[in-house]
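Observations on the model geometry
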Amino acid sequence: MPEIILLTGKAAPLPGSDQKSGIDKRPVDRPLALGPEGLEGDEQADRRVHGGPEKAVHHYPFDHYAAWREGLGRLRPAEAPGVSHPRTPVGYLENGEITGLLGAPGAFGENISTEGPTEAEVAVGDIFRLGTALVQVSQGRQPCWKLNRRFGVADMARRVQESGRTGWYYRVLQPGVVAPGDWLELVDRVAPEWTLGRLWHALYVDRLNLGELQGIAGLDVLAEGWRRYAIRRLESGRVEDWSRRLEGSA
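This report concerns the structure included in the present document. The numbering scheme is per chain: residues are counted from 1 as the chain's sequence reads. Per-residue local features of the predicted model are confined to residues with pLDDT of at least 70, and side-chain atom pairs are confined, for both listing and counting, to 80 or more; whole-chain, interface and lining totals are unaffected and use all residues. Heavy atoms throughout the structure, all of them, feed into the side-chain values; hydrogens and water do not.

Take the overall build of the protein chain next. Tallying secondary structure elements over the protein chain gives 8 helices and 13 strands in all. Think of it in three bands: residues with accessible area under 20% of the maximum for their type are buried, residues over 50% are exposed, and the middle band is partly exposed, with areas taken using a 1.4 Å probe on protein chains only. Here the protein chain, with 250 residues, has 51% of them falling under the buried criterion. Within the protein chain, counting contacts between residues at least 6 apart in sequence, those at least 24 apart form 76% of the total. A total of about 11,200 Å² of accessible surface is found on the protein chain, and carbon and sulfur atoms cover 50% of it. Put simply, DSSP H or I for four residues or longer makes a helix, DSSP E for two residues or longer makes a strand, and each gets a number counted from the N terminus. Throughout, a contact is declared for two residues whenever any of their heavy atoms are within 4.5 Å. Only the protein chains shown count as cover for residues, with accessible areas throughout obtained via the Shrake-Rupley method and a probe of 1.4 Å.

The geometry of an aromatic ring pair comes down to the distance between the two centres and the angle between the two planes. For this analysis, a ring pair means two rings from Phe, Tyr or Trp (six-membered ring only for Trp) whose centres lie within 6.5 Å, classed as stacked if their planes differ by under 30 degrees, edge-to-face if by over 60, and tilted for the remaining angles. In this structure the tally under the stated criterion is 8 aromatic pairs. Note on Tyr 65 and Phe 108: the rings are 5.5 Å apart at their centroids and 75° apart in plane angle, and the pair reads as edge-to-face. Of the two residues, Tyr 65 is situated in helix H1 (residues 65-73) and Phe 108 in the loop between helix H2 (89-94) and strand S8 (112-114); the sequence distance between them amounts to 43 residues. With a centroid separation of 5.9 Å and an interplanar angle of 80°, the aromatic rings of Phe 128 and Tyr 170 are classed as edge-to-face. With Phe 128 in strand S9 (residues 127-130) and Tyr 170 in strand S11 (residues 168-174), the pair connects residues that are 42 residues apart, well separated along the chain. Neither Phe 128 nor Tyr 170 differs from the other in exposure class; each is buried. Three or more aromatic residues link up through ring pairs in this structure, and these residues are Tyr 60, Phe 62, Tyr 65, Trp 68, Phe 108 and Phe 151.

At least two DSSP bridges between two strands are required for those strands to pair. Overall, antiparallel pairing links the 3 strands, which are arranged S6-S5-S12 in an open sheet. Each having just a single partner strand, strand S6 (38-39) and strand S12 (176-178) make up the two edges of the open sheet. Where strand S5 (residues 32-35) and S6 come together, 2 bridges link them in antiparallel fashion. Bridged to Gly 35 within S6 is Gly 38.

Among the residues making up H1, those that are buried are Tyr 65, Trp 68 and Leu 72. Looking straight down H1, one finds that the buried residues subtend no more than 55° of arc, so they occupy a single side. In this context, the arc is that of the directions from the helix axis out to the C-beta atoms.

Among the 5 residues that make up strand S7 (residues 57-61), 5 are buried, leaving the element largely enclosed by the rest of the structure. Along S7, one buried face is formed by Val 57, His 59 and Pro 61 and the opposite face, lined by His 58 and Tyr 60, is buried too. Here 3 bridges tie S7 to S11, and the two strands are oriented antiparallel to one another. The partner of His 59 across the bridge, within S11, is Trp 168. Looking at chain direction, S7 and S8 are connected through 3 bridges and run parallel. Across the sheet, the residue bridging to His 59 is Ile 112, located in S8.

With that out of the way, let us pick up the sheet that holds S7. The mixed open sheet is built from 8 strands, whose spatial order is S4-S1-S8-S7-S11-S10-S9-S13. Strand pairing shows two members of the sheet lacking a second neighbour, strand S4 (26-27) and strand S13 (184-188), which therefore form its edges.

With that settled, consider helix H5 (residues 196-204). For H5, the set of buried residues is Leu 196, Leu 199, Trp 200, Ala 202, Leu 203 and Tyr 204. End-on, the buried residues of H5 take up no more than an arc of 170°, which puts them together on one face. On its buried side, H5 packs onto strand S10 (133-140), helix H4 (156-163), S11, helix H6 (210-217), helix H7 (224-236) and helix H8 (243-247).

A separate point is the pairing of S11. With 5 of 7 residues buried, S11 lies mostly within the body of the structure. With 6 bridges connecting them, S10 and S11 associate as antiparallel partners. Along S11, the bridge assignment pairs Leu 134 with Gln 174.

Let us now look at the nonpolar core. In these notes, a set of buried Ala, Val, Leu, Ile, Met, Phe, Trp, Tyr and Cys residues joined through side-chain atoms within 4.5 Å is what counts as a nonpolar core. Grouped together as the largest cluster of nonpolar side chains are 40 residues, with contacts concentrated most on Leu 6, Leu 34, Leu 130, Tyr 170, Leu 199 and Ile 216. Counting only elements with at least two residues in this core, the list comes to S5, S9, S10, S11, H5, H6 and H7. At 6 residues, the largest contribution of residues to this core is made by H5.

As structure tokens, this is what we get:
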């Protein structure tokens, strides 16, 4: 399994908004304690929807960055309104500055960056040795409007959701110490048939597939909040409104 890049960040004002965010993660160069609430020194501004035991660590594959550089590079300036952080990827790419926001890990607020496993292979319930800690995949990421501000692209959160390149979260089964350059070692698979890609397809593409929703509702290893989505759809026959999460406000 791959070697990791470890990143943390402090909550700070989000450009173009009156709110704070911990999305600006930077690589660290020393070992960090990892506990049930996440990595030592890492912060989230809005604890209602970020952080906590089921979102202790965010993993985003660096493999996806090339596709984002290519896709965002095709945007016309009129398609990329908003305030950048510090400039839009469109600006970086037009100026040949590939070492900008998408040139290094951290653009998506991830704590762990690797090359190798993606949502196509990783499944809910997968258990990994991370340094001396044990972590378990708890859920995929549901992108929010702060990505729009981060990238200066008005619909960036929706683009991430529709692409399936969302990344995922871990819960911490056994606290420990993690250092840059440690290896992510697969220890066990609890529900290998429920890859993150399959979950994404059920929640965002084939959204009212009763068989898939029933499977998700009964998937005990999946974070409770995600199981509730499936239960509500089964009960109501409707898909929840994502606009507030994806579009937010300044």
